[in-house]
Amino acid sequence: AEAQLRQVQKMEAVGQLTGGIAHDFNNMLAVVVGGIDLARRRLNGPRREIMTHLNNAMEGATRAAALTRRLLSFARSEPLLPDSVDPAELVTGMSDLLDRTIGERIQVEVDAVPGTWPIYVDSHQLENAIVNLAVNARDAMEGVGRMQVSTRNVTLAAGEIGDVQAGDYVRISVSDTGCGMAPEVIERAFEPFFTTKPVGKGTGLGLSQIFGFAHQSGGEVGIESVVGKGTTVSIYLPRSAAPAVTTAAMGMMQDQDDV
Ligand code: ADP
């Protein structure tokens, strides 16, 4: 029943997308048809002109193919496999990966104090979400700046962030000293396929996937940003009752098994 519900939610999300995508796809098809039509009319004209029309058609077709590929990979998004996670340990364990993702010229500071509450989430998807936020931070900084990843325990009132329910949460934030986001960009940032990046660079799926992941995990996502100063994107995940299974504890359990 869980899996079916997820499937229904996924198809609903895909359904909401189709309107906008059908529109974009039609525009690309119009370029393809237009290019072929012009080439056909100019068959007796100069070769270079025919080539230009055919190249335009080819480019339209390539863009349409890229669009459907993105849509398919979005619709196929992985089901969640939640487990008990120690957020501070997870984030600390990512610092090398983040250093490599961000490049040498940007400092990465990991501020994860031990003692954050355990959470019950899909750890791979949480790691993907953090990497996605780091890539956005890198893109916003154009090579220079500081990035900070932090974990904190927070108690939220109902609706304090988005649609959040009142309760205890762990906040995982990625902050950058980049270009910041204008209010109209923040407003649309969670929309699938919304991007301000050049074609081929941004997919516009990062934040929408993080939003989906946070909501499916009972949490929320918040954006604070000042144009020209920087951005903080925070994922709020509900505190879980069970203590997190740390890798140290797992090692001990294995030791016990050996006895
Ligand atoms: P993508 O990164 O592929 O464009 P996202 O959904 O991750 O897709 O982000 C959507 C848009 O939100 C980006 O194109 C960018 O305009 C804006 N954005 C996201 N993160 C940041 C950030 N840290 N700083 C500035 N702008 C950002």
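Residues numbered from 1 in each chain as written. Predicted model: local features only at pLDDT ≥ 70, side-chain atom pairs only at ≥ 80, totals over all residues.

Per an unreviewed UniProt entry, the recorded name for the protein is histidine kinase, and the organism is Sphingomonas piscis.

Bringing the overall build of the protein into the picture now. When helices and strands are tallied, the protein shows eight helices and seven strands. Residues counted as buried form 25% of the 259 residues belonging to the protein. When contacts within the protein are restricted to residue pairs at least 6 apart in sequence, long-range pairs at least 24 apart make up 71% of them. (Helix = DSSP H or I, 4+ residues; strand = E, 2+ residues; numbered from the N terminus. Buried ≥ 20, exposed ≤ 12 C-beta atoms within 10 Å, placed from the backbone. Contact = placed C-beta atoms within 7 Å.)

What follows is about helix α7 (residues 206-216). The element α7 is extensively covered by neighbouring structure, given that eight of its 11 residues are classed as buried. Residues G206, L207, S208, I210, F211, G212, F213 and A214 constitute the buried set of α7. Buried-residue contacts for α7 involve α5 (123-141), β6 (220-226) and β7 (230-238). In the segment just after α7, G218 is the residue with positive phi, at about 80°.

Look at helix α4 (residues 95-102) against α5: their axes get within 10 Å of each other, and the N-to-C directions meet at 35°. Taken as a pair, α4 and α5 cross one another with a handedness that is right-handed. Contacts between α4 and α5 involve L98, T101 and I102 from the former and V131, A134, V135 and R138 from the latter. Here the residues of the contact of α4 with α5 sort into five nonpolar, one polar and one charged. (Axes fitted to C-alpha atoms, helices over the stretch in contact; angles between N-to-C directions. Left-handed = near helix turned anticlockwise from the far one by under 90°. Nonpolar A, V, L, I, M, F, W, Y, C, P; charged D, E, K, R; others polar.)

Within the structure, the ligand sits among 22 residues, and A140, T195, G202, G206 and L207 are positioned closest to it. Of all the elements in the fold, those that place two or more residues in the shell around the ligand are α5 and α7. A breakdown of the residues in the shell around the ligand according to their chemical character gives nine nonpolar, 11 polar and two charged. (Near = placed C-beta within 6 Å.)

Moving on to the nonpolar core. Grouped together as the largest cluster of nonpolar side chains are 39 residues, with contacts concentrated most on I130, A134, V174, I210, A214, I235 and L237. Non-local contacts of L237, meaning those with residues more than four positions away in its chain, are made with I119, V121, Y169, V170, A214, S217 and G219. (Core = buried A, V, L, I, M, F, W, Y, C linked by C-beta atoms within 7 Å.)

For β6 and β7, the ladder comprises seven bridges, and the chain directions are antiparallel. Following the sheet pairing, G222 is matched in β7 by S234. (Pairing = 2+ DSSP bridges.)

The backbone phi angle of F193 is positive, close to 70°, even though this residue is not glycine. Among the structural elements, F193 can be located in the loop between α6 (183-188) and α7. C-beta crowding within 10 Å serves as the criterion here: with 17 such atoms nearby, F193 is assigned to the partly exposed category.

It is worth spelling out the sheet that holds strand β2 (residues 106-112) at this point. Spatial strand order, β2-β4-β5-β7-β6: five strands in an open sheet with mixed pairing. Of all the strands in the sheet, the pair left with one neighbour each is β2 and β6. The sheet shows a mean angle of 20° between the axes of neighbouring strands, direction not considered. Across eight bridges, the pairing between strand β5 (residues 167-176) and β7 is antiparallel.

With that settled, the discussion passes to α5. Its 19 residues give α5 an end-to-end C-alpha distance of 27 Å, which sits within 8% of 27 Å, the value for a rise of 1.5 Å per residue. Residues Q125, L126, A129, I130, L133, A134, N136, A137, R138 and M141 constitute the buried set of α5. Just past α5, the residue E142 takes up positive phi, approximately 45°. (Expected span 1.5 Å × (residues − 1).)

Further remarks concern the environment of W117. Looking at where W117 falls in the secondary structure, it is placed in the loop between β2 and β3 (119-121). On the neighbour-count criterion, W117 (21 C-beta atoms within 10 Å) is buried. A sequence separation of 19 residues divides W117 from L98, and the C-alpha atoms of the two residues are 23 Å apart. With residues near it in sequence (within four places) discarded, W117 still touches N153, D168, V170 and R239.

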